[in-house]
Amino acid sequence: MQVEMALAVAGAIDDRSALVVEAATGVGKTFAYLVPMLLSGARALLSTATKNLQDQLFLRDLPRLRSALQVPVTVALLKGRASYLCLHRLSIARHDDAGADRWTARTLAKIETWSTRTASGDLAELEGLDERSSVIPLVTSTRENCLGSDCPSFRDCHVMKARREAMASDIVVVNHHLFFADMQLRDSGVAELLPSVDVAVFDEAHQLAEAGVQFLGTTLGSSQLLDFSRDLLGIGLQQARGLADWQGVAGRLEQAARELRIGGVGTQREIRAATKLRWSDRGERADFVAALGEVAAAAKAAAEALDLVADASPDFARLVERARRLAELAARFATPARAGHVRWIDVTPQNVRLVESPLDIRDALREQMAGSPKAWVFTSATLGDDERLRWFCEPAGLDDAPTLRLGSPFDYAGHARLYVPRAFPKPSEPAHPGAVARLAARCARALGGRTFVLTTTLRSLAVIGDQLRDLFEEEGDAIRVLVQGQTPKRQLMQQFLSDPCSVLVGSQSFWEGVDVPGDALQCVLIDKLPFPPPNDPLVEARVERLENEGRNPFADYFVAEAAVSLKQGAGRLIRSETDRGLLVVCDPRVATMSYGRRLQRALPPMTVLTEEREALAWLETLTKPQSAWSTID
């Protein structure tokens, strides 16, 4: 299977054509595209889903193959601006008269010490710096605040150094977010790089469409306003104190940000998790329209104040551009959305973000592919549930591209079991989360831990996690319950791996990108079928388009999405050829509804169990020494 994929990739490279490959777990897809890519001698762009996967390709996979194949290729790693230290921004943060709390000051001091010895400026080198840290925006640049060649630290700029290395290298490793952000903003160097490569490979391509939708859109958020206000106040007080009422201007921007959030939230005063709201529910409300107007007015007032000192330094000239851009964005969101786009409002406990986005990436990707001839290879373990891989190909505009589906070489029938309880509460019933928790507890007891519970919502995550903990405490079980959100994801995984007598309850971020081979994980429970939320504005717009095309949205969209997500969640169970385990889908619709058969076919070919006693007996066999398995089978 790996050879079949490698030959197909080699053919696409030779023909400078497109290829879409679904390669199931165990095929070895990374080497299957890297080997022909390296042997071809072609210049290549390699894009993957996350910065962690970028590092894995750059630091492990490519050096290993380059050495084994003895090919003299140069490789570069290119990330977005927010991954690199900006020396000028560090200087501003260090001398900010507004002051900083003790934790921020300590973090800045740590970064400053590191800045004297780093060669790349990649913040991933810094131990203990969370990528969500509030300090990162203080010491990194954005397209809006970068001074370019006017920057006093331009000669030592880590971003420019990374771009120069990328342009001089044979293979450049990027991520999907960077690819699309550059397509929209022409800001990261990919726009200059792409025409010069012969091969573009997109690994983890199932994440490509959503990354594109996120970055090809237009956004205006309260955090943008607050970041701008902070920069204006800091630079104004440092470089032009007394020449304008910087505190008054910044205060008006901060108030506009608060009013925008209040207008966006509307009557939903208490927001505990990220929520996506329909534009139609807010866009025409008087308080929301007034908040948008005040954003525009506050941004214009800032631009007028900054104009007076724009010639004093490049920092002020850039601040003027940012102020005008914010005013333009506020004016855009006060007018109707563009054709083929959808609007919504993202709300979190701290921020609000207005978004206008295309429904998919087909037009953008087709425009890129229409440029200079090159090979375009898209691959993932989950790209659809049919031979044409329509789930991926249609929204990507690859309807006519050749496709290849490769199943896993693992012995799923012998090593894995699937159990779908029929006599079980429906997901819509109040008793469902409790039933999931009790079944998960019985499975975990049979194994002594070593269990994942994957939920489709954060609400279910909290309920099931709490009930599991109560059940184990009541029975005196020494099984630890780890719940997503209580500690960072990496730390949570380390706790799970170090303590086999544990159950991890996770939501969306644990459905994929989590690799636990061996005996550490032998049972995965999925609480219910992962259908897209029907009230999501983007989902509603996609459904409306399908209806206008005379198609069936449930079959062509909802079931197709659920099939791919279910495959991703199930993929956490068997990660190597010796792994054994049980997959439990706590949704009787898989067994009772007609579309359930389609969803079951999308899963790896596991042996199906119909009774809970069979499932628990299978788990008990997994606790026995491996030498006993052959007689048990």
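Everything discussed here concerns the structure shown above.
Please read all numbers here as calculations on a predicted model, not as lab measurements.

A. Representation of the packing of aromatic side chains in the model. With the rule as written, the count across this model stands at 16 aromatic pairs. Aromatic side chains Phe202 and Phe378 sit 5.2 Å apart centroid to centroid with 10° between the ring planes, which places their arrangement in the stacked category. Of this pair, Phe202 sits in strand β5 (residues 199-202) while Phe378 is found in strand β10 (residues 375-380), placing the two residues 176 residues apart along the sequence. For the pair Phe202 and Phe378, one class covers both residues: buried. Measuring from ring centre to ring centre gives 5.3 Å for Trp279 and Phe288, while their planes differ by 85°; the resulting arrangement is edge-to-face. On the basis of relative accessibility, which here comes to 15%, the residue Trp279 falls in the buried class. The exposure class assigned to Phe288 is buried, which follows from its relative accessible area of 0%. Feature note: the residues Phe179, Phe180, Phe202, Trp376, Phe378 and Phe392 constitute an aromatic cluster, connected by ring pairs. Between the NZ or CZ atom of Arg343 and the centre of the ring of Trp279, over which it lies, the distance is 5.2 Å. For Lys489, the ring lying beneath its charged end belongs to Phe510, and the centroid distance is 5.3 Å.

B. Spotlight on the pairing of strand β8 (residues 341-347). Within β8, 6 of the 7 residues are buried, leaving the element largely enclosed by the surrounding structure. Sheet topology places strand β7 (residues 275-278) next to β8; 4 bridges connect them, and they run antiparallel. The residue of β8 that forms the bridge with Thr275 is Val347. What sits between the antiparallel neighbours β8 and strand β9 (residues 352-358) is a turn of 4 residues.

C. How the structure looks around the sheet that holds strand β18 (residues 607-609). Strand order in this open sheet of 7 strands is β14-β15-β13-β16-β17-β12-β18, and the pairing throughout is parallel. The two strands at the open ends of the sheet, each matched to only one other strand, are β14 (480-483) and β18. Direction aside, the axes of adjacent strands within the sheet are offset by 20° on average. With 3 bridges connecting them, strand β12 (residues 416-419) and β18 associate as parallel partners. By the bridge assignment for β18, Leu418 is matched with Val608. The strands touched by helix α19 (residues 458-475) within the sheet are β13 (451-454), β14 and β15 (502-506), with β14 carrying the most contacts at an inclination of about 170°. Helix α22 (residues 553-570) rests against β13, β16 (523-526) and β17 (581-585) of the sheet, and its axis sits at about 155° to β16.

D. Up close: the environment of Asp399. The residue Asp399 is located in the loop between α16 (390-396) and β11 (403-406) in this model. Distance in space between the C-alpha atoms of Asp399 and Ala181 is 24 Å, their sequence separation being 218 residues. Discounting chain neighbours no more than four positions away, the residues touching Asp399 are Arg366, Arg388, Cys393 and Glu394.

E. Main features of helix α4 (residues 87-94). For α4, the complete set of buried residues consists of His88, Arg89, Leu90, Ile92 and Ala93. Against the buried residues of α4 lie α5 (102-115), α6 (136-139), α11 (222-239) and α14 (314-333).

F. Molecular detail of the layout of surface pockets. Reported here for the second largest pocket is a volume of approximately 470 Å³. Of all the secondary structure elements, the ones that give two or more residues to the lining of the second largest pocket are α13 (286-307), β8 and α21 (537-548). Broken down by element, the lining of the second largest pocket gets its largest block of residues, 5 residues, from α21. Partitioning the lining of the second largest pocket into residue classes produces 11 nonpolar, 5 polar and 6 charged.

G. Spotlight on the side chain of His88. Along the chain, His88 falls in helix α4. On the basis of relative accessible area, His88 is assigned to the buried category, the value being 11%. Among residues more than four places away in sequence, those in contact with His88 are Leu147, Cys151, Pro152, Ser153 and Asp315.

H. Looking closely at the pairing of β16. What you see with β16 is no split at all: Cys523 and Leu525 on one side and Val524 and Ile526 on the other are buried throughout. Of the pairings in the sheet, the one linking β16 to β17 comprises 4 bridges and is parallel in character. Bridge pairing links Leu525 to Val584 in β17.

I. Structural context of the environment of Glu549. In this fold, Glu549 is placed in the loop between α21 and α22. Overall, the relative accessible area of 43% leaves Glu549 in the partly exposed class. Distance in space between the C-alpha atoms of Glu549 and Val197 is 37 Å, their sequence separation being 352 residues.

J. Expanded view of a negative patch on the surface. Taken together, the side chains of Asp470, Glu473, Glu474 and Glu475 define an acidic patch exposed on the protein surface. With respect to the helices and strands, the residue Glu475 is situated in helix α19.

K. Structural detail: the sheet that holds strand β3 (residues 75-77). Ordered by their spatial adjacency, 7 strands build an open sheet running β3-β4-β2-β5-β10-β1-β11, and the pairing between neighbours is parallel. Pairing within the sheet leaves two strands with one partner each, and these edge strands are β3 and β11. Averaged over neighbouring strand pairs, the angle between their axes works out to 15° when direction is ignored. Here strand β1 (residues 18-23) runs beside β11; their pairing, made up of 4 bridges, is parallel. Paired with Val20 across the two strands is Thr403, which belongs to β11.

L. Geometry of the nonpolar core. Ranked by size, the top nonpolar core spans 45 residues in total, and within it Leu220, Phe228, Leu232, Trp246, Leu260, Leu306 and Leu354 carry the most contacts. Breaking this core down by element, the ones donating at least two residues are α11, α12 (246-265), α13, α14, β8 and β9. Looking at this core element by element, the count peaks at 11 residues for α13. Of all hydrophobic cores here, the second largest spans 39 residues; its members include Val159, Val172, Leu194 and Trp391.

M. Spatial organisation of the pattern of salt bridges. Counted by the stated rule, this structure contains 39 salt bridges. With a shortest N-O distance of 2.6 Å, Arg442 and Glu612 are connected by a salt bridge. With Arg442 in helix α18 (residues 432-447) and Glu612 in helix α25 (residues 612-622), this pair connects stretches of sequence that are 170 residues apart. Overall, Arg442 belongs to the partly exposed group, its relative accessible area being 32%.

N. Structural detail: helix α3 (residues 51-69). Across its 19 residues, α3 extends 26 Å between first and last C-alpha, which sits within 8% of the 27 Å expected from 1.5 Å per residue. Maximum bend of α3: about 35°, positioned at Leu57. Those residues of α3 that fall on the buried side of the exposure criterion are Gln54, Asp55, Leu57, Asp61, Leu62 and Leu65. The secondary structure elements touched by the buried residues of α3 are α2 (29-40), β2 (44-48), β3 and β4 (171-175).

Cut-offs and rules
- Along each chain, the written sequence defines residue order, and numbers are assigned to residues from 1.
- With the structure being a predicted model, the display of local features is reserved for residues of pLDDT at least 70 and the display and counting of side-chain atom pairs for 80 or more, all residues being used for whole-chain, interface and lining totals.
- Neither water nor hydrogens contribute to the side-chain values; these are computed over all heavy atoms in the structure.
- Between rings of Phe, Tyr and Trp, where Trp is taken as its six-membered ring, a pair exists when centres lie within 6.5 Å; planes separated by under 30 degrees are stacked, by over 60 edge-to-face, and by other angles tilted.
- Under the scheme used here, helices are H or I runs from DSSP no shorter than 4 residues and strands are E runs no shorter than 2 residues, and both carry numbers assigned from the N terminus.
- The cut-offs for exposure are 20% and 50% of the maximum accessible area for each residue type, with area from a 1.4 Å probe on protein chains only; residues under the lower value are buried, those over the upper are exposed, and the others partly exposed.
- Each ring is checked for a lysine NZ or an arginine CZ that lies within 6 Å of its centre and within 35 degrees of its normal; such an atom marks a charge sitting over the ring.
- Strands are labelled as partners when DSSP assigns at least two bridges between them.
- Orientation is described by lines fitted to C-alpha atoms, with helices fitted over the stretch in contact, and by angles between N-to-C directions that extend from 0 to 180 degrees.
- Residues count as neighbours in contact if any of their non-hydrogen atoms are within 4.5 Å of one another.
- Cavities and pockets were defined on a 1 Å grid built over protein atoms only: a cavity is a set of grid points that admits a 1.4 Å probe from which the probe cannot escape, a pocket is an open set flanked by protein on both sides within 12 Å along at least five of seven lines, and lining residues are those with an atom within 4 Å of any such point.
- Grid points are joined across faces, edges and corners, and a volume is the space filled by probe spheres set on the points.
- Three classes are used: nonpolar for Ala, Val, Leu, Ile, Met, Phe, Trp, Tyr, Cys and Pro, charged for Asp, Glu, Lys and Arg, and polar for all others, with Gly counted as polar.
- Only residues above 30% relative accessible area that lack a salt bridge enter a patch, with like-charged residues linked at up to 9 Å and the nonpolar side chains Val, Leu, Ile, Met, Phe, Trp and Tyr linked at up to 5 Å.
- The Shrake-Rupley method, run with a 1.4 Å probe, gives the accessible areas here. Residue values count only the displayed protein chains as cover.
- The working definition used for a salt bridge is a side-chain nitrogen of Lys or Arg within 4 Å of a carboxyl oxygen of Asp or Glu.
- When charges are counted, neither His nor the chain ends are considered; positive counts come from Lys and Arg and negative counts from Asp and Glu.
- Here the site of a charge means NZ on Lys, CZ on Arg, CG on Asp, or CD on Glu.
- Buried Ala, Val, Leu, Ile, Met, Phe, Trp, Tyr and Cys residues that are joined via side-chain atoms within 4.5 Å together make up what is termed a nonpolar core.
- To estimate how far a helix should reach, multiply one less than its number of residues by 1.5 Å.
- A residue's bend is given by the angle between axes fitted to the 7 residues ending at it and the 7 residues starting at it.

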